[in-house]
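A look at the structure
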Amino acid sequence: NSLRCSVQIAMQISSSVISLYLFNFGTEAAMFLEADGIGLVAFYTRVSDVVINKVEVNNIVYSYQNDTIDISGCRHSGTVYKPGTVVNSDPQICSSVTCSETATLQISGCGPLEHCQGNGICVLASTCTVTGPTVIDVHGHMNSIQDHCAYSLFSTPSLPDFLVLGNFRDRRRKDVSFLDSVTLRVDGHYIHLEQGGRVQLDDSTLTLSSSSQLVHGVQLSKDQTGVTAELTNLKISVFFDGNTAQIVLKGPAGSSAEGLCGNS
């Protein structure tokens, strides 16, 4: 990094003329000591009374010497870490915190469309897209719905009380089916994501906003783009904007998907 500023602290101790410089390089820092005289001069850097660095000059005879050290580092939970070191790492959730070479804390983990396999490896989340009459399943295969029926889009043996249905009907053209609404069956209740952002819980209408509302274990929210239903503990989300539905499976349920999303 480029040098941004420096501070010089000048002093005289006995016959020695001492100058201590602190250099700032953005996230990095250095300390420079020069001493003109005889004897040992040392400066220590401390954090919470723990010595981190030392810069020193020891003139055996009357002379001039200097010394420079890199004092860059990261602080995390009250502890100092040198650049290029791992602060903590948890492969079970694919999370790690490191102190970079330029002395910045870097937190890494899986991306928004990925999930952790539990061994430090992130894999891309499974996504199923239904738009108009077309279904693109989690394997990337594509097919089309030809009739006006309700189809199972997603289910999994590990979640016997959860089911996502796609309801197809005609719009203007009688010979083409379009996705008209999406229904979630959760613990015997039905949540209907309908046209115009309307959401029905069984026979009652829900009033939603951008703030999530918990309904039978499902986080429901709505904004100008559409309605989102999310089972956060199972890492399953369903989005519907009136034309297109997207089912994102960030957890292990993606590998056991059944219905059109499992095999269109």
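Source: prediction; values computed, not measured.

The rules behind the values
- Residues numbered from 1 in each chain as written.
- Predicted model: local features only at pLDDT ≥ 70, side-chain atom pairs only at ≥ 80, totals over all residues.
- Heavy atoms only, no water.
- Salt bridge = Lys/Arg side-chain N within 4 Å of Asp/Glu carboxyl O.
- Buried < 20%, exposed > 50% of the residue type's maximum accessible area, 1.4 Å probe, protein only.
- Pairing = 2+ DSSP bridges.
- Helix = DSSP H or I, 4+ residues; strand = E, 2+ residues; numbered from the N terminus.
- Axes fitted to C-alpha atoms, helices over the stretch in contact; angles between N-to-C directions.
- Domains from an automatic or database assignment.
- Phe/Tyr/Trp six-rings, centres within 6.5 Å; stacked < 30°, edge-to-face > 60°.

Right, let's talk about the pattern of salt bridges for a bit. Across all of its chains, the model carries 2 salt bridges by this definition. When the shortest N-O distance is used, the salt bridge between Lys54 and Glu56 registers 3.4 Å. Exposure remark for Lys54: the relative accessible area of 39% places this residue in the partly exposed category. On the basis of relative accessible area, Glu56 is assigned to the partly exposed category, the value being 33%. The residue Glu194 makes a salt bridge to Arg198 at a minimum N-O spacing of 3.7 Å. The exposure class assigned to Glu194 is partly exposed, which follows from its relative accessible area of 24%.

On to the sheet that holds strand β8 (residues 95–99), then. The strands that make up a sheet are held in pairs by hydrogen bonds between backbone atoms, and each pair lies either parallel or antiparallel. If you trace the 3 strands from one edge of the open sheet to the other, you get β7-β8-β9, paired in antiparallel fashion. Strand pairing shows two members of the sheet lacking a second neighbour, β7 (85–90) and β9 (105–108), which therefore form its edges. Going from strand to strand, the sheet's axes swing by 10° on average, the running direction of each strand aside. Pairing geometry for β7 and β8, over 5 bridges, is antiparallel. Along β8, the bridge assignment pairs Asn88 with Val97.

What follows concerns the domain arrangement of the protein chain. As a measure of interface size, the accessible area lost when the parts come together is often cited. Domain annotation of the protein chain identifies domain 1 (5–70), domain 2 (74–109) and domain 3 (122–252). One C-alpha centre belongs to domain 2, the other to domain 3, and the line joining them spans 39 Å.

The next point concerns the packing of aromatic side chains. Evaluated as defined, the whole model comprises 5 aromatic pairs. Measuring from centroid to centroid gives 6.5 Å for Phe23 and Phe25, while their planes differ by 45°, and the two rings are tilted. Assessed through its relative accessible area of 22%, Phe23 is described here as partly exposed. Overall, the relative accessible area of 22% leaves Phe25 in the partly exposed class. By way of ring pairs, the aromatic residues Tyr21, Phe23, Phe25 and Phe32 are connected into one cluster.

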